[in-house]
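Working through the structure, step by step
Chain by chain, the residues run as shown.
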Amino acid sequence: MTGKSAPPAKKTAPAAAKKKAVPAPKEETAPKEEAAPKEETTPKEETAPKEETAPKEEAAPAPATEEPPAPEQPPVPRDEPAPIPTEAGADVTPAPAEGSPAPPAEPPAPAPEPELEKPKEEPPSCPLSLAVEEVSENSFTLTWKAPEQMGRAGLDGYVVEICKDGSSDWKAVNQEPFLSTRYTIPDLSSGEKVHVRVMAVSASGASVPATLEQPVLIREILQLPKIRMPRHLRETYIRHVGDAVNIMIPFQGKPQPEVSWTKGGQPLDSSRINIRNTAQDTIFYIRQAQRGDSGKYELTVQINGAEDRVILDIQVVEPPGPPQNLKLVDVWGFNVALEWTPPADNGNSEIKGYRVQKSDKKSGKWFTVLERCTRTSCTISDLIIGNTYSFRVFSENICGLSNSAAVASGVANIEKTKTTYQPEKIPQRDMMEPPKFTQPLTDRTTTRGYSTHLFCSVRGFPQPKIIWLKNQMEIREDPKYIALIDQGVCSLEIRKPGPFDGGVYTCKAVNPLGEASVDCRLDVKVPK
């Protein structure tokens, strides 16, 4: 029972001190001290030294010292049936005696010390955009961006920490901070999952770590081999003799693929061609290309039986040779005909055409008369009478003109020839024809006061004379009628006709070979 009663005594000590501050009637609990005989033995007095801490609690008026035992107050109601007040009453009497040592034991004195401390500088902010750049069989590479706020002291560097999945033990990978925003974590076991975080460090402290949301699985990502052939290399790659050939062809694949070059199924001549391979591309290099370097080269990229192949077609060209067997075939009037044969050497490229030039004996200068002539023969015209001409021909390919030209052995003398003009005799044709109407007159109806026209067309040679008649009477110079003829089209205008202008109109055509006529009826209506 004594072990159980001692703890409540400590808790009730401050309560007893409060009762002292309250008016005396509340101290009526003193009669309960009669229950003290239940605590007969002196061992309770031996426990008094344990209760000496209670007066300290009573002597500390500051509530801050009473806050630590606050969580132990809930068990007090459970011990209410016990004579807790008597114990508290028993402790009340020594309280005044023990009150004197309490003042030196007050701990709240150092409370104002935090106010004297200087404010600390803020550490840098969290690194940004933390991401995994590459994962291999036993390592992976991280990248991130610098924090937005570096702090006044500046950034000392970054610290990378890792923690295996399922563990909470974070270990720093780098011993000292570094300033690079890219870091490769080596010496990892394949198949394990690793959590990663990066902190920015400065003289004022470390930032909040930037952490990957998901752990990184350490395993090599297999990737089939694939050659990324540049677009300009998918067609024939043409270089001139003496030029350097420097080609880089990228590829992809994991693990690192095996790269091989062949030409015609045979390995390349290392004395002429240099090959340098990296994990992501291969470089094909020839210092000075020769025509013998032309051909199709096969690039193969292999990974464990899987492979990808491409063909690189290289053509090394040079200017062609001159045409052969150039000769003058014929000379007539102001014209010359030439013929030749293709050059013996085309410069390892297709001949695109020939350039023909002439030179007269007086000036001695060469002038181009034909460019890109695709045939092996031509005719040159518009030569000047009395001059003597020489001719030469160049061949042309993708490199340009041949270094030399083929010159015709002979010359062409353009002589003046006497010619007589004989005009061609054209037989005379009899064009005489009697009049004939090709378009007759048509009946018309008009309204009084509205002018109207009559039309017909006639042909004949010589041109026939046109006579207009109304009701078989010739219409002479009457201002009411206007008669015209143009290109065989005859027209008669009747101006503001009246009821008496109606009737039968006749058009008669007369020439020395005969005559013809057509007629029509004109009705003039009177509006009601």
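Residues numbered from 1 in each chain as written. Predicted model: local features only at pLDDT ≥ 70, side-chain atom pairs only at ≥ 80, totals over all residues. Heavy atoms only, no water.

Considerations on the overall build of the chain
Selection rule: Numbered from the N terminus, helices here are DSSP runs of H or I no shorter than four residues, and strands are runs of E no shorter than two. Throughout, exposure labels follow a simple rule: accessible area from a 1.4 Å probe, protein chains only, divided by the maximum for the residue type, with under 20% read as buried, over 50% as exposed, and the rest as partly exposed. Contacts between residues were defined by any pair of non-hydrogen atoms, one from each residue, lying within 4.5 Å. Note that accessible areas follow from Shrake-Rupley with a 1.4 Å probe, and for residues the cover is restricted to the protein chains shown.
Scanning the chain from terminus to terminus reveals eight helices and 36 strands. In the chain, buried positions account for 31% of the 528 residues. Taking all contacts inside the chain whose residues are at least 6 apart in sequence as the whole, residues at least 24 apart take part in 64%. For the chain, the exposed surface amounts to about 34,200 Å²; the carbon and sulfur share of it is 51%.

Some thoughts on the packing of aromatic side chains
To be explicit about the condition: Pairing of aromatic rings covers Phe, Tyr and Trp, the last counted by its six-membered ring, and requires centre-to-centre distances within 6.5 Å; plane angles under 30 degrees mean stacked, over 60 mean edge-to-face, and any other angle means tilted. We call a charge positioned above a ring when the Lys NZ or Arg CZ atom is no farther than 6 Å from the ring centre and deviates by at most 35 degrees from the ring normal.
Tallying each qualifying case throughout the model produces nine aromatic pairs. Judged by centre distance (6.5 Å) and plane angle (55°), the rings of tyrosine 158 and phenylalanine 178 are tilted. Here phenylalanine 178 lies in the loop between strand E4 (171-172) and strand E5 (182-185) and tyrosine 158 lies in strand E3 (residues 155-164), a separation of 20 residues in the sequence. Pairing phenylalanine 178 with tyrosine 183 gives two aromatic rings, centres 4.8 Å apart and planes at 20°, and the pair type is stacked. With respect to burial, phenylalanine 178 and tyrosine 183 carry one shared label: buried. Chaining the aromatic ring pairs together yields one cluster made of Trp144, Tyr158, Phe178 and Tyr183. Above the ring of tryptophan 170, the side-chain terminus of arginine 197 is found at 4.2 Å from the ring centroid. The ring of tryptophan 366 carries arginine 392 above its face, with NZ or CZ at 4.3 Å from the centroid.

Quick word on the sheet that holds strand E23 (residues 377-380)
The line we're drawing: The pairing criterion for strands is at least two bridges between them, as found by DSSP. The angle between two axes is taken between their N-to-C directions and runs from 0 to 180 degrees, where each axis is a line fitted to C-alpha atoms and a helix contributes only its stretch in contact.
Judged by pairing direction, the sheet is antiparallel, and its three strands sit side by side in the order E19-E20-E23 without closing on themselves. Sheet topology places strand E19 (324-332) and E23 at the edges, where each strand pairs with a single neighbour. When strand polarity is set aside, the average angle formed by the axes of neighbouring strands in this sheet is 20°. Relative to strand E20 (residues 335-341), E19 runs antiparallel, the two sharing six bridges. Bridging across to E20, leucine 328 finds its partner in leucine 338.

Here's the deal with a nonpolar patch on the surface
The line we're drawing: A patch consists of residues whose relative accessible area exceeds 30% and which take part in no salt bridge; residues with like charges are grouped when within 9 Å of each other, and nonpolar side chains (Val, Leu, Ile, Met, Phe, Trp, Tyr) when within 5 Å. Basic side-chain nitrogens of Lys or Arg form a salt bridge, by our definition, when they fall within 4 Å of a carboxyl oxygen of Asp or Glu.
A surface patch of nonpolar side chains, about 410 Å² in accessible area, is lined by Met431, Met432, Phe461 and Leu513. By secondary structure assignment, the location of phenylalanine 461 is in strand E30 (residues 452-461). Residue classification places phenylalanine 461 among the partly exposed residues on the basis of a relative accessible area of 46%.

Focus: the sheet that holds strand E36 (residues 514-525)
Reading across the sheet, the five strands line up as E29-E36-E35-E31-E32 and stay open at both edges, with mixed pairing between neighbours. Taken across any chain shown, the strands that pair with only one partner, and hence form the sheet edges, are strand E29 (444-447) and strand E32 (473-474).

Notes on the confidence of the model for the chain
Heads up, the rule is: Scored between 0 and 100, pLDDT is the confidence that the predictor attaches to each residue.
A residue-level look at the chain finds 77% of positions with pLDDT of 70 or above and a mean pLDDT of 80. In this model, residues 1-102 is a region of pLDDT below 50 whose contacts with residues beyond four sequence positions or in other chains number 52 contacts.

Description of the pattern of salt bridges
A complete count under the given rule lists 16 salt bridges for this structure. Taking the shortest distance from any N to any O, the salt bridge between lysine 254 and glutamate 134 comes out at 3.8 Å. Of this pair, lysine 254 sits in strand E12 (residues 245-254) while glutamate 134 sits in strand E1 (residues 128-135), and the two are 120 residues apart along the sequence. A residue is classified by how much of its surface remains accessible, and glutamate 134, at 36% relative accessible area, is partly exposed. Across the pair lysine 470 and aspartate 501 runs a salt bridge whose closest N-O atoms are separated by 3.9 Å. Taken together, the residues lysine 470 in strand E31 (residues 465-470) and aspartate 501 in the loop between strand E34 (489-494) and strand E35 (503-511) connect sequence positions 31 residues apart. The class of lysine 470 is buried, set by a relative accessible area of 17%. Judged by its relative accessible area of 9%, aspartate 501 falls in the buried class.

Observations concerning the nonpolar core
Condition: Here, nonpolar core refers to any group of buried Ala, Val, Leu, Ile, Met, Phe, Trp, Tyr and Cys residues whose side-chain atoms link them within 4.5 Å.
Counting residues in each nonpolar core, the largest one holds 22 residues, and the members touching the most others are Ile247, Trp261, Phe284 and Ile314. Of all the secondary structure elements, the ones that give two or more residues to this core are E12, strand E13 (258-263), strand E16 (281-286), strand E17 (295-303) and strand E18 (306-317). Apart from residues no more than four positions distant in its own chain, isoleucine 314 is found in contact with Tyr237, Val245, Ile247, Phe284, Asp293, Ser294, Gly295 and Tyr297. Of all hydrophobic cores here, the second largest spans 20 residues; its members include Phe178, Ile185, Val198 and Ala200.

Thoughts on a positive patch on the surface
What counts here: In this tally, Lys and Arg are treated as positive and Asp and Glu as negative; His is ignored, and so are the chain termini. For this purpose, a charge sits on NZ of Lys, CZ of Arg, CG of Asp or CD of Glu.
A cluster of basic side chains, namely Lys226, Arg228, Arg231 and Arg234, defines a positive patch on the protein surface. Along the chain, arginine 234 falls in the loop between strand E10 (223-227) and strand E11 (237-240). Judged by relative accessible area, which is 57%, arginine 234 ranks as exposed.

Some details on the side chain of asparagine 511
Tracing the sequence through the fold places asparagine 511 in strand E35. Excluding residues that lie within four positions of it along the chain, asparagine 511 makes contacts with Glu433, Pro434, Pro435, Gly460, Phe461, Pro462 and Pro464.

Considering the pairing of strand E6 (residues 193-202)
Of all 10 residues making up E6, eight are buried, and the element is well covered by its neighbours. Bridge count for E6 against strand E7 (residues 205-206) is two bridges, and the pairing is antiparallel. Residue pairing across strands places serine 202 opposite glycine 205, the latter belonging to E7.

Thoughts on the environment of aspartate 486
Residue placement: aspartate 486 occurs in strand E33 (residues 481-486). Placed 29 residues apart in sequence, aspartate 486 and serine 457 show a C-alpha to C-alpha distance of 9.3 Å.

Digging into the pairing of E36
Across four bridges, E29 lies against E36 in parallel orientation. Looking at the pairing, threonine 446 lines up with valine 524 of E36. Across nine bridges, E35 lies against E36 in antiparallel orientation. Residue glycine 503 lies in a different strand from E36, and its bridge partner there is leucine 522.

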